[in-house]
Amino acid sequence: MHFKVELPNWVIEESEKLPEIMPTLESQMEAVIRFSRINFQKETGGPFAAGIFEKETGKRVVIGVNRVVPGNNSTAHAEIVTIGMAQAILETFDLGGPGMPNYRLVVNARPCAMCFGSIPWSGVRSLAFAAAGEEVEKITGFDEGPIHPQWQQELEARNIEVIENVMAVEAYEVFREFAASDSPIYNGRSGESS
Ligand SMILES: [Zn+2]
């Protein structure tokens, strides 16, 4: 037995149009936000995307998207998918391993409780995100879970830089479009409790 997560073909096609080096955080986030919009519009997942880039050079490793509904996998959030893809491409479970460049995770929204936990495990040295979690919950209805109240300090205490509010206005636009669509809100426990 196994389970796997696949990126849709459009992600591969759109990624091939991007430069290999995306030197500014804004250019990285612009692409991530664009992918988050295409993902729900094409019904290939929720309105979330993430990228892994070399922090110093902006070299792109991969941009991935949320795959919860099409993958029948509640853990297939954009961060988890993208970290897993990057680790498969780079053939390591630790993106912070000896001799490796510093890697940055770029996400269109604050990580949820699960994805927050995945960040120290991944080995990335930096996190940049756009939209704030509470706002995303308010706009979309997703339950992002009980993230640690001092989560940014907890990452920084582990030498993981946190950069917030990058192109947040553009990210919120996607969430509003998502909320206005009839796309599924895939929270757990949607059935009646007994
Ligand atoms: Zn998550």
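Just so it is clear, the model here is predicted, and its values are computed rather than measured.

(A) Looking closely at the packing of aromatic side chains. Throughout the structure, instances matching the rule amount to eight aromatic pairs. Between the aromatic rings of phenylalanine 116 and tryptophan 151, the centroid separation amounts to 6.2 Å while the plane-to-plane angle is 80°, which identifies the pairing as edge-to-face. Of this pair, phenylalanine 116 sits in helix α5 (residues 113-122) while tryptophan 151 sits in helix α7 (residues 151-157); the two residues are 35 residues apart in sequence, bridging distant segments of the chain. Ring geometry for phenylalanine 129 versus tryptophan 151: centroids 5.6 Å apart, planes at 50°, classification tilted. Of the two residues, phenylalanine 129 sits in strand β4 (residues 126-131) while tryptophan 151 sits in helix α7, which places them 22 residues apart along the sequence. The same class applies to phenylalanine 129 as to tryptophan 151, namely buried.

(B) Structural context of the side chain of serine 122. With respect to the secondary-structure elements, serine 122 resides in helix α5. Classification of serine 122 as buried rests on a relative accessible area of 2%. Within the structure, serine 122 has its side chain in polar contact with the backbone oxygen of isoleucine 119 (distance 2.7 Å). Only 3.1 Å separates the side chain of serine 122 from the backbone nitrogen of valine 124, close enough to count as a polar contact. Setting aside residues up to four positions removed in sequence, serine 122 forms contacts with Ile83, Gln87, Phe93, Asp94, Leu95 and Gly96.

(C) Examining the side chain of threonine 82 more closely. Mapped onto the elements, threonine 82 comes out in helix α4 (residues 78-90). Residue classification places threonine 82 among the buried positions, given a relative accessible area of 0%. A polar side-chain atom of threonine 82 sits 3.3 Å from the main-chain amide nitrogen of glycine 64. If we ignore the near neighbours within four places in the chain, the residues touching threonine 82 are Ala50, Gly51, Ile52, Val62, Gly64 and Val65.

(D) Broad picture of the coordination of the zinc ion. Protein coordination at the zinc ion: the donors are His77 (ND1), Cys112 (SG) and Cys115 (SG), at 2.1 to 2.3 Å from the metal. Here the donor residues for the zinc ion map to a single chain with the spacing H-x34-C-x2-C. With histidine 77 in the loop between α3 (68-71) and α4 and cysteine 115 in helix α5, this pair connects stretches of sequence that are 38 residues apart. Side by side, histidine 77 and cysteine 115 carry an identical accessibility label, which is buried.

(E) View of the nonpolar core. Within the largest apolar cluster, 58 residues are counted, with the highest numbers of intra-cluster contacts made by Ile52, Leu105 and Leu127. For this core, the leading source of residues is helix α2 (residues 25-41), giving eight residues. Apart from residues no more than four positions distant in its own chain, leucine 105 is found in contact with Ala50, Gly51, Ile52, Glu79, Ile83, Ile119, Val124, Ser126, Leu127 and Ala128.

Quick notes on the rules
- Residues numbered from 1 in each chain as written.
- Predicted model: local features only at pLDDT ≥ 70, side-chain atom pairs only at ≥ 80, totals over all residues.
- Heavy atoms only, no water.
- Phe/Tyr/Trp six-rings, centres within 6.5 Å; stacked < 30°, edge-to-face > 60°.
- Helix = DSSP H or I, 4+ residues; strand = E, 2+ residues; numbered from the N terminus.
- Buried < 20%, exposed > 50% of the residue type's maximum accessible area, 1.4 Å probe, protein only.
- Polar contact = N/O pair within 3.5 Å; in protein donor to acceptor, adjacent residues only side chain to side chain.
- Contact = heavy atoms within 4.5 Å.
- Donors = N, O, S within 2.8 Å, 3.2 Å for Na, K, Ca; no water.
- Core = buried A, V, L, I, M, F, W, Y, C linked by side-chain atoms within 4.5 Å.

Shape is all these values report; function is a separate question.
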